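A look at the structure
Each chain, written out:
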Amino acid sequence: MIRLTRLKGGPFLLNPDLIEHVEITPDTVINLTTGHQFMVRESAEEVVSRVLEFRRAISQPAAEWLLASEAGPSAPER
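The sections below set out a description of the structure shown in this document. (Residues numbered from 1 in each chain as written. Predicted model: local features only at pLDDT ≥ 70, side-chain atom pairs only at ≥ 80, totals over all residues. Heavy atoms only, no water.)

**Looking at the overall build of the protein**
Secondary structure summary: the protein contains 1 helix and 5 strands in total. For 78 residues, the compact-globule estimate of 2.2 N^0.38 gives 12 Å, and the protein exceeds it by more than 25% at 17 Å. On the principal axes, the C-alpha backbone points of the protein span a range of 55 × 20 × 20 Å. Per-residue burial over the protein gives 23% buried out of 78 residues. Taking the intrachain contacts of the protein between residues at least 6 apart in sequence as the baseline, contacts between residues at least 24 apart amount to 34%. Counting only carbon and sulfur atoms, one obtains 56% of the accessible surface of the protein, whose full area is about 5,700 Å². The centroid of the 8 positive side-chain charges in the protein is displaced by 7 Å from the centroid of its 11 negative side-chain charges. (Helix = DSSP H or I, 4+ residues; strand = E, 2+ residues; numbered from the N terminus. Rg over C-alpha atoms; globule rule 2.2 N^0.38 Å. Buried < 20%, exposed > 50% of the residue type's maximum accessible area, 1.4 Å probe, protein only. Contact = heavy atoms within 4.5 Å. Areas by Shrake-Rupley, 256 points an atom, 1.4 Å probe, with all protein chains shown as cover. Lys, Arg positive; Asp, Glu negative; His and termini not counted. Charge placed at Lys NZ, Arg CZ, Asp CG, Glu CD.)

Dropping the structure here:
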């Protein structure tokens, strides 16, 4: 989940897997695959940055597990 701020409200968490596209009008509008839209205070660049950070955070442990499992049971724990 990524933390964003509604344009006319408080913070909320968004599942980035649901983002279909981000529009850059004077405001940043996030369109979801569900048809919902959110106007947020963050710039489109900041939204993309947070999504990438989220993806890295969930991908890194999986990549480390895969490398360890490919190395076999004698591989040292990291």
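**Side note on the packing of aromatic side chains**
Tallied over the full model, the rule gives 1 aromatic pair. A cation over a ring is seen here: Arg6 above Phe12, with NZ or CZ 4.7 Å from the ring centre. (Phe/Tyr/Trp six-rings, centres within 6.5 Å; stacked < 30°, edge-to-face > 60°. Lys NZ or Arg CZ within 6 Å of the ring centre and 35° of its normal.)

**Looking at the nonpolar core**
In terms of nonpolar packing, the biggest core is built from 11 residues, these being Ile2, Leu4, Phe12, Leu14, Ile30, Leu32, Phe38, Val40, Val47, Val51 and Phe54. A total of 3 residues in this core trace back to one element, the largest contributor, which is helix α1 (residues 44-71). Here Leu4 is in contact with Gly10, Pro11, Phe12, Leu14, Ile30, Val40, Glu42, Val47 and Arg50, once residues within four sequence places are set aside. (Core = buried A, V, L, I, M, F, W, Y, C linked by side-chain atoms within 4.5 Å.)

**Remarks on the side chain of Glu42**
Checked against the element boundaries, Glu42 lands in the loop between β5 (37-40) and α1. By relative accessible area, which is 10% here, Glu42 ends up buried. Among the polar contacts made by the side chain of Glu42, one reaches the side chain of Thr5 at a distance of 3.0 Å. With residues near it in sequence (within four places) discarded, Glu42 still touches Leu4, Thr5, Thr28, Val47 and Arg50. (Polar contact = N/O pair within 3.5 Å; in protein donor to acceptor, adjacent residues only side chain to side chain.)

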